[in-house]
2 protein chains.
Amino acid sequence: MSNETQTSTAGLGEAAVGADDELIRSGRDATATRRALVRAARRRFATDGYRATTVRQIASDVGVNVALINRYFVSKEGLFEACMLRTSDELETQAPSKSIKEVIERLIEHIVNAPDRDDPLQLLLLLRSSGDENADLIRRRTLEHFTRRLAAAAGWSPDDPDSEAILLRAQLAIATSLGVVMLRTSAAVQPVASASGDELTEPLRQVLRVLLAPA
Amino acid sequence: MSNETQTSTAGLGEAAVGADDELIRSGRDATATRRALVRAARRRFATDGYRATTVRQIASDVGVNVALINRYFVSKEGLFEACMLRTSDELETQAPSKSIKEVIERLIEHIVNAPDRDDPLQLLLLLRSSGDENADLIRRRTLEHFTRRLAAAAGWSPDDPDSEAILLRAQLAIATSLGVVMLRTSAAVQPVASASGDELTEPLRQVLRVLLAPA
DNA sequence: TCATCAAGTCAGCACGTGCTTACATCGAGG
DNA sequence: CCTCGATGTAAGCACGTGCTGACTTGATGA
């Protein structure tokens, strides 16, 4: 009936990593509903955009009352910020990259699978000026952070002015990735939307290598 | 004072190609205000998204009353459709392409300059599900039409099943283009947003050639 | 001069949105 | 058993939105 069978030792309502499911949230567990709200929100924001997403939708997805969003996240914008933070964390805590080619392969996998599973990349393609000043700032910061990470893997160094070109190329790689994810998810544009992963992998590999790993 | 000094021979309010300016629309010229509304609308839709742009904004940009939008285009969706049709026309009536490399160079120019001038590409990046069912359909059709045009220049033929891969690669090229335009315009993400055209041209050329003109 | 009709304006309705306040319900400790 | 705080709910306010109908303005022709 309830999922707090494992003793939630963390008395203060914080992280308290527990079960990852939120479908059977039948109880009064604040942290569980918080996480469920963030999950549902991220999915909505990614597919419908910031403005188009309504807090009532999100609450309905989770199955709780709308007022909880304001209770836990103060505002819609606060919820969005929580989504961004979670996404940023997920991208951060991935296994450290080895070679640039390996990074490319992993990026390809993200692009191909983003529509299916609950991929952090999805939220990044929330590029459009969302109408909200603060939300835009958060989004831009996350994106630029991600750029630097990818560029570093490709040989960019913050101190070396000669490597600025690498930074630019890394961002072009991100632009490409986001463009493909977008065409596959939001807009159901054929044939890319229904293309299999195998069909996409080779062209994407060529493009990303041209940008990031010029042999 | 007025711009209908040239005798508008077309009695019925249709096309009547006249001056292309709409800033000094001081008179009672229906077709001029229609065009002005479409222009302003397209810019707003492209930068703010469909849902986020309000008809009051558009009307205010042009300097007319909101009700005119409903008079001329029935609804906000009707205005959007008019924008899409105009964009489709502009893309259609471009000079016929010669070699694929030439097409690539022209596409690069579009990408680089899209943020500045009133480029038709801008509206295409209205990919996100706009919340409006019909608007989505129109957008998707335009995009797929554009894909086929580009693919044809790269050697794709509707009858040849072996050339389907070309269609997919063409769409990946479009995805890349849209991704870059988006990062440069909507999201002001550095460094791509402030990069000069010269810096962008070479990497873009490499990517597009890999996708469309594999030597 | 003045009737006529298209071009444009104005006030307002109906509805969806984010958010708030007051209330209900569950679980635990005295 | 009963109180009390935390979790969740219900009703509603204020506002922005798309759209509508009645009205005004200006050019044109008899």
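Per chain, the residues get numbers from 1 upward, laid out in the order the sequence is written. To label them, take the chains in the order written and letter them from A, then take the ligands in the order written and number them from 1. Side-chain atom pairs in this predicted model are given and counted only at pLDDT of 80 or more, local residue features only at pLDDT of at least 70, and totals for whole chains, interfaces and linings cover all residues. Only hydrogens and water are set aside when side-chain values are computed; all heavy atoms of the structure are taken into account.

(A) Structural context of the protein's contact with DNA strand C. Around DNA strand C, 21 residues are found, and the nearest of them are A:Arg28, A:Arg56, A:Lys76, B:Asn65 and B:Tyr72. Nearness is defined per residue: one heavy atom within 4 Å of the molecule or strand is enough. Counting only the atoms of DNA strand C within 4 Å of the protein, the fraction contributed by sugar and phosphate is 51%. Each polar contact in these results corresponds to two N or O atoms within 3.5 Å; when the atoms are within protein, one needs to be able to donate a hydrogen and the other to accept it, and residues that are neighboring in sequence are counted only if both atoms are side-chain atoms. Between DNA strand C and B:Asn65 there is a distance of 2.7 Å, counted from a phosphate oxygen to a backbone nitrogen or oxygen. Among the secondary structure elements, those contributing two or more residues to the surface near DNA strand C are α2 (55-62) of chain A together with α1 (30-48) and α3 (67-73) of chain B. Helix and strand definitions here come from DSSP, where helices need a minimum of 4 consecutive H or I residues and strands a minimum of 2 consecutive E residues; each element is numbered from the N-terminal end. Tallying contributions element by element places α3(B) first for the surface near DNA strand C, with four residues. Gly is put with the polar residues, along with every residue not named as nonpolar or charged; the nonpolar set is Ala, Val, Leu, Ile, Met, Phe, Trp, Tyr, Cys and Pro, and the charged set is Asp, Glu, Lys and Arg. Of the residues in the surface near DNA strand C, the class split is six nonpolar, seven polar and eight charged.

(B) Broad picture of helix α1 (residues 30-48) of chain A. All names here are of chain A. In this analysis, the expected span of each helix is defined as 1.5 Å times one less than the number of residues it contains. The first and last C-alpha atoms of α1 sit 26 Å apart over 19 residues, in line with the 27 Å expected at 1.5 Å per residue. Residue burial is assigned from relative accessible area. The probe radius is 1.4 Å, only protein chains are included, and a residue is buried under 20% of its type maximum, exposed over 50%, and partly exposed in between. Listing the buried residues of α1 in full gives Ala 32, Thr 33, Ala 36, Leu 37, Val 38, Ala 40, Ala 41, Arg 42, Phe 45, Ala 46 and Asp 48. The positive-phi residue at the C-terminal boundary of α1 is Gly 49, with phi of around 90°.

(C) Representation of the protein's contact with DNA strand D. Every one of the 22 residues lining DNA strand D counts as a neighbour, but A:Arg28, A:Asn65, A:Tyr72, B:Arg28 and B:Lys76 are closest to it. Residue A:Asp29 places a main-chain N or O atom 3.5 Å away from a phosphate oxygen belonging to DNA strand D. A distance of 3.3 Å is found between a phosphate oxygen of DNA strand D and a backbone nitrogen or oxygen belonging to B:Thr53. Sorting the residues of the surface near DNA strand D by element identifies α1 and α3 (67-73) of chain A together with α2 (55-62) and α3 of chain B as the ones contributing at least two each. In terms of residue class, the surface near DNA strand D is made up of seven nonpolar, seven polar and eight charged.

(D) Summary view of the nonpolar core. Here, the term nonpolar core denotes a set of buried Ala, Val, Leu, Ile, Met, Phe, Trp, Tyr and Cys residues that are joined through side-chain atoms within 4.5 Å. Counting residues in each nonpolar core, the largest one holds 72 residues, and the members touching the most others are A:Leu150, A:Leu212, B:Leu150 and B:Leu212. Looking at this core, the elements with two or more residues in it are α5 (100-113), α7 (133-153), α8 (164-184) and α9 (197-212) of chain A together with α5 (100-113), α7 (133-153), α8 (164-184) and α9 (197-212) of chain B. Those residues within four positions of A:Leu150 in sequence are excluded, and the remaining contacts are A:Val103, A:Leu107, A:Ala170, A:Ala173, A:Ile174 and A:Leu212. Any pair of residues with heavy atoms lying within 4.5 Å of one another is described as a contacting pair.

(E) Quick look at the side chain of A:Arg184. Relative to the assigned elements, A:Arg184 resides in helix α8. Within the structure, the side chain of A:Arg184 is placed 2.9 Å from the backbone oxygen of A:Val112, a separation counted as a polar contact.

(F) Expanded view of the packing of α9(A) against α8(B). To obtain each axis, a line is fitted to C-alpha atoms, and for helices this fit is confined to the stretch in contact; angles are then taken between N-to-C directions over 0 to 180 degrees. Close contact between α9(A) and α8(B) brings their axes to 11 Å; oriented N to C, the two are set at 50°. It follows from the interaxial angle that α9(A) and α8(B) lie oblique. α8(B) is crossed by α9(A), and the crossing has right-handed handedness. Residues A:Glu199, A:Leu200, A:Pro203 and A:Gln206 of α9(A) lie in contact with α8(B), whose contacting residues are B:Leu168, B:Arg169 and B:Leu172. In terms of residue class, the contact of α9(A) with α8(B) is made up of four nonpolar, one polar and two charged. In what follows, roughly perpendicular refers to angles from 65 to 115 degrees, roughly parallel to angles under 35, roughly antiparallel to angles over 145, and oblique to any angle outside these ranges. Note on convention: near helix rotated counterclockwise from far helix by under a right angle means a left-handed crossing. Clockwise means right-handed.

(G) Just the packing of aromatic side chains, in detail. A pair of Phe, Tyr and Trp rings is counted when the ring centres sit within 6.5 Å of each other, with Trp represented by its six-membered ring. The angle between the planes then sorts it: under 30 degrees is stacked, over 60 is edge-to-face, the rest tilted. A full pass over the atoms with the stated rule returns six aromatic pairs over all chains. Here B:Phe45 and B:Tyr50 contribute two aromatic rings whose centre-to-centre distance is 5.4 Å and whose plane-to-plane angle is 20°, an arrangement assigned as stacked. With relative accessibility at 0%, the residue B:Phe45 sits in the buried group. Within the aromatic cluster, the residues linked to one another by ring pairs are A:Phe45, A:Tyr50 and A:Phe80. Throughout this description, the term charge over a ring refers to an Arg CZ or Lys NZ atom that lies within 6 Å of the ring centre and within 35 degrees of the ring normal. Here the guanidinium or amino end of B:Arg34 rests over the ring plane of B:Phe73, the centre of that ring lying 5.5 Å away. For B:Lys76, the ring lying beneath its charged end belongs to B:Tyr50, and the centroid distance is 4.6 Å.

(H) Quick look at α5(A). The terminal C-alpha atoms of α5(A) lie 20 Å apart, and with 14 residues this matches the ideal 20 Å at 1.5 Å per residue to within 8%. Every buried residue of α5(A) is accounted for by A:Ile100, A:Val103, A:Ile104, A:Leu107, A:Ile108, A:His110, A:Ile111, A:Val112 and A:Asn113.

(I) Seen up close, the UniProt feature "DNA-binding region" (unreviewed entry) in chain A. UniProt positions are given in the numbering used here, feature names are shortened, and annotations may be inferred rather than shown by experiment. Here, UniProt's "DNA-binding region" (unreviewed entry) annotation points to residues 54-73 of chain A. Summarising residues 54-73 of chain A: 75% helix, 0% strand, and an end-to-end C-alpha distance of 14 Å.

(J) Layout of the pattern of salt bridges. The term salt bridge refers to a pairing of a side-chain nitrogen on Lys or Arg with a carboxyl oxygen on Asp or Glu at a separation within 4 Å. Taken as a whole and judged by the stated rule, the model has 10 salt bridges over all chains. One salt bridge connects B:Asp61 with B:Arg44, and the closest N-O pair in it is separated by 2.8 Å. Note that B:Asp61 is positioned in helix α2 and B:Arg44 in helix α1, a separation of 17 residues in sequence. B:Arg44 sits in the partly exposed class, given a relative accessible area of 23%. In this structure, B:Glu202 and B:Arg205 form a salt bridge, with 2.8 Å as the shortest nitrogen-oxygen distance. Here B:Arg205 and B:Glu202 lie together in helix α9, a separation of three residues that amounts to about one turn. What you see here is one network of salt bridges that share partners, running through A:Glu105, A:Glu202, A:Arg205 and A:Arg209.

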